[in-house]
Amino acid sequence: MLSEAALTIIHQLNKAGFDAYAVGGCVRDHLRGIVPDDIDITTNALPAQTLDIFKEYRVIPTGLQHGTVTVLIGDTPFEVTTYRTDGTYTDGRHPDSVTFTASLEEDLARRDFTVNAIAFHPEKGIADPFCGQEDLNRGILRCVGDPATRFSEDALRIARLVRFMSVLRFQAEPKTAQAAHALCDRLSLVAAERKRVELMKLLMGDGFLEAATAFPDVMCRLVPSLSPLVGLDQHNPHHSFDAYTHTIRAVQAAAKDPVVRLAVLLHDLGKPQTFHTDEQGIGHFYGHPAVSEVLARETLTALRFDNATTDTVLTLVRKHDTPLTDNRKQIKRLLSKLGKDTLLRLLLVKEADASGCHENSAPPDFTSVRALVDDICNSAECFTLHELAVNGHDLLSVGIPAGPLLGRVLHCLLEAVIDDRCPNDRDALLSLAKECADDV
């Protein structure tokens, strides 16, 4: 189970007379047959003793007040944390104090779920005082001890519960689920950055649909703009589900691209504000992509997403209702505006959107559109200003003044090339430039 580097840390601690175990998610993943990404070590050595034992290695005093030292074996970091018990959690997120202990069981007792409260030693084997292996085998997420206490101590554990349901495809034990529902308002205590991390991991899970169906309240605490979608009957023959259920089914159907899944989660936020019924009682949502974009921007800003992710997601939300065909001119225009990567992601968003409409919805067939995108890109056809046979200097040479007009003329020429009204030829474009300048 353990890498040579992890074994080195455990053996060094043991050689110095201390206990040491791999603990938490790495043990859980190993027992599930998955190679763990990170290996955390727990020990009865105090932080100062750990620093001394590994003085020949690169060591970072990550969180000495909480007993954590990061030891680097080569370029691989390992968190080595002293057995501890936690004090009160005044802020609902972090213990006000910790007390180091000599007991592995006391250390495991402070952890969130039984499946994460298992320790492993290469010679001594498994330490599992809270029957985490049994819950692991049954696919159950159960808090260690009293669920209300665990969630009151650290509200992030509520989001972690739903995330583990999605990623592990496990079910929440009834008392654990009940406490999570009762205390989910406490997610307001969690920093935006931490909520963003949990949300993205949750979105990428194979069990996202089941988790989001079981915990719409938690989803709406992570993304408050989802709340008006819950129970919104769309009154439309193209939709069998309420807006929230459609959304989470579409996310589940989406390709495992984080940007695509995030865009699908936010694509219909504007439906409640734009909903109306016609004389036949059919529901319509005219203009909802634009409203969805505004609400998506607010959501992404609140969760501190980076600018690149935000810009791409907003483009996908704004364009998700755009009809797409294998019309060469249309695809060239979209390539010009979006670029190849974003256009291909838009196809994925539209496929997911359609797949979430009915129980057995089939996504649209964009095979010919994808082939056309590849053909246009591989044939070096002009669809960006960079590929245009003239540039700003050329336009200045024929009397087009610098400034906004010059930019508008360049775009006018590009549109003429894309529409096949003018060849991508320098002389032809310069001839057309003055006409464009008069028109724009």
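Preceding this paragraph is the structure being described.
As a starting point, this report considers the structure included with it. In this text the structure is predicted, and so the values were computed from the model without any measurement.

**Looking at the overall build of the protein**
Right, on to step 1. Secondary structure summary: the protein contains 22 helices and 13 strands in total.
Right, on to step 2. Here the C-alpha atoms of the protein give a radius of gyration of 28 Å, more than 25% beyond the 22 Å that 2.2 N^0.38 yields for 440 residues.
Right, on to step 3. Principal-axis analysis of the C-alpha atoms gives the protein an extent of 85 × 60 × 40 Å.
Right, on to step 4. Buried positions account for 51% of the 440 residues belonging to the protein.
Right, on to step 5. Counting only contacts in the protein whose residues sit at least 6 apart along the sequence, the fraction spanning at least 24 positions is 63%.
Right, on to step 6. For the protein, the accessible area works out to roughly 20,000 Å², and carbon and sulfur atoms hold 50% of it.

**Structural notes on a negative patch on the surface**
Right, on to step 1. On the surface, Asp37, Asp38, Asp40 and Glu79 cluster together into a negatively charged patch.
Right, on to step 2. Position of aspartate 40 relative to the elements: it lies in strand 2 (residues 40-43).

**What about the layout of surface pockets?**
Right, on to step 1. Computed from the structure, the largest pocket encloses a volume of approximately 1,600 Å³.
Right, on to step 2. As for the largest pocket, its lining consists of 44 residues, of which Asp40, Arg111, Asp112, Arg160 and Arg194 are closest to the centre.
Right, on to step 3. Elements with a minimum of two residues in the lining of the largest pocket: helix 2 (25-31), strand 2, strand 3 (58-63), strand 5 (76-82), strand 6 (84-86), helix 7 (156-168) and helix 9 (192-203).
Right, on to step 4. The element that contributes the greatest number of residues to the lining of the largest pocket is helix 7, accounting for seven residues.
Right, on to step 5. Partitioned by chemical class, the residues of the lining of the largest pocket number 15 nonpolar, nine polar and 20 charged.
Right, on to step 6. In this structure, the second largest pocket encloses a volume near 320 Å³.
Right, on to step 7. As for the second largest pocket, its lining consists of 18 residues, and the residues nearest its centre are His238, His239, Lys271, His288 and Asp321.
Right, on to step 8. Among the secondary structure elements, those contributing two or more residues to the lining of the second largest pocket are helix 15 (288-302) and helix 18 (340-355).

**Notes on the side chain of lysine 332**
Right, on to step 1. Here lysine 332 lies in helix 17 (residues 328-338).
Right, on to step 2. Given a relative accessible area of 6%, lysine 332 falls into the buried group.
Right, on to step 3. Look past the residues within four positions of lysine 332 in its chain and what remains in contact with it is Ile376, Glu381, Cys382, Phe383, Val417, Ile418 and Asp420.

**Things to note about the environment of glutamate 134**
Right, on to step 1. Within the secondary structure, glutamate 134 is located in helix 5 (residues 132-138).
Right, on to step 2. Along the primary structure glutamate 134 and threonine 114 are separated by 20 residues, whereas in three dimensions their C-alpha atoms are 9.1 Å apart.

**Details of the nonpolar core**
Right, on to step 1. One finds Leu265, Leu266 and Leu413 to be the most contacted residues of the largest nonpolar core, which totals 102 residues.
Right, on to step 2. Of the residues forming this core, the biggest block, nine residues, is contributed by helix 21 (residues 404-418).
Right, on to step 3. Apart from the residues within four sequence positions on either side, leucine 413 is in contact with Leu388, Val390, Leu395, Leu429, Leu432, Ala433 and Cys436.
Right, on to step 4. Residues Ile10, Ala22, Ile41 and Ile53 belong to the second largest nonpolar core, which totals 24 residues.

**Looking at the pattern of salt bridges**
Where side chains of opposite charge bring their charged atoms close, a pairing between them can arise.
Right, on to step 1. The tally for this structure, following the rule as stated, stands at 29 salt bridges.
Right, on to step 2. The partner of aspartate 107 in a salt bridge is arginine 111, with the nearest N and O atoms 2.8 Å apart. Arginine 111 matches aspartate 107 in its accessibility class, with the two residues each being buried.
Right, on to step 3. For the salt bridge of glutamate 193 with arginine 304, the shortest nitrogen-to-oxygen distance reads 3.7 Å. Here the residue glutamate 193 occupies a position in helix 9, and arginine 304 occupies one in the loop between helix 15 and helix 16 (307-319), the gap between them amounting to 111 residues.
Right, on to step 4. By relative accessible area, glutamate 193 is classed as partly exposed at 37%.
Right, on to step 5. Where salt bridges share partners, they join Arg328, Lys332, Asp375 and Glu381 into one cluster.

**Quick look at the pairing of strand 2**
Right, on to step 1. Looking at chain direction, strand 1 (residues 20-23) and strand 2 are connected through four bridges and run antiparallel. Across the sheet, tyrosine 21 pairs through a bridge with threonine 42, a residue of strand 2.
Right, on to step 2. Across three bridges, strand 2 lies against strand 5 in parallel orientation. Counted as the bridge partner of threonine 43 is threonine 82 from strand 5.

**A few points about the side chain of lysine 350**
Right, on to step 1. In this fold, lysine 350 is placed in helix 18.
Right, on to step 2. No salt bridge is formed by the buried lysine 350; its nearest oppositely charged neighbour, aspartate 321, is found at 5.4 Å.
Right, on to step 3. When neighbours within four sequence positions are excluded, lysine 350 is seen to be in contact with His320, Asp321, Thr322, Pro323, Leu324, Pro364 and Phe366.

**Re the packing of helix 16 against helix 18**
Right, on to step 1. Running from N to C, helix 16 and helix 18 point in directions that differ by 55°, and their axes come no closer than 10 Å. One way to sum up the angle between helix 16 and helix 18 is to call them oblique. Regarding helix 16 and helix 18, the two cross each other, and that crossing is right-handed. For the pair helix 16 and helix 18, the contacting residues are Thr312, Thr315, Leu316 and Lys319 in the first and Thr342, Arg345, Leu346 and Val349 in the second.
Right, on to step 2. Each residue belonging to the contact of helix 16 with helix 18 can be placed in one class, and the counts come to three nonpolar, three polar and two charged.

**A word on the sheet that holds strand 3**
Backbone-to-backbone hydrogen bonds join strands into a sheet, with any given pair of strands oriented parallel or antiparallel.
Right, on to step 1. The mixed open sheet is built from seven strands, whose spatial order is 3-4-5-2-1-8-9. Strands with a single pairing partner mark the edges of an open sheet, and in this sheet they are strand 3 and strand 9 (125-127). Strand-to-strand twist across the sheet, computed as the mean angle between neighbouring axes with direction ignored, equals 35°.

Rules used throughout
Residues numbered from 1 in each chain as written. Predicted model: local features only at pLDDT ≥ 70, side-chain atom pairs only at ≥ 80, totals over all residues. Heavy atoms only, no water. Helix = DSSP H or I, 4+ residues; strand = E, 2+ residues; numbered from the N terminus. Rg over C-alpha atoms; globule rule 2.2 N^0.38 Å. Buried < 20%, exposed > 50% of the residue type's maximum accessible area, 1.4 Å probe, protein only. Contact = heavy atoms within 4.5 Å. Areas by Shrake-Rupley, 256 points an atom, 1.4 Å probe, with all protein chains shown as cover. Patch = residues over 30% accessible without salt bridge, like charges linked within 9 Å, V, L, I, M, F, W, Y side chains within 5 Å. Salt bridge = Lys/Arg side-chain N within 4 Å of Asp/Glu carboxyl O. Lys, Arg positive; Asp, Glu negative; His and termini not counted. Charge placed at Lys NZ, Arg CZ, Asp CG, Glu CD. 1 Å grid on protein atoms, 1.4 Å probe; cavity = no way out; pocket = protein on both sides within 12 Å on 5 of 7 lines; lining within 4 Å. Points joined across faces, edges and corners; volume = space filled by probe spheres on them. Nonpolar A, V, L, I, M, F, W, Y, C, P; charged D, E, K, R; others polar. Core = buried A, V, L, I, M, F, W, Y, C linked by side-chain atoms within 4.5 Å. Pairing = 2+ DSSP bridges. Axes fitted to C-alpha atoms, helices over the stretch in contact; angles between N-to-C directions. Parallel < 35°, antiparallel > 145°, perpendicular 65-115°, else oblique. Left-handed = near helix turned anticlockwise from the far one by under 90°.

No statement about biological role is implied by the geometric values presented.
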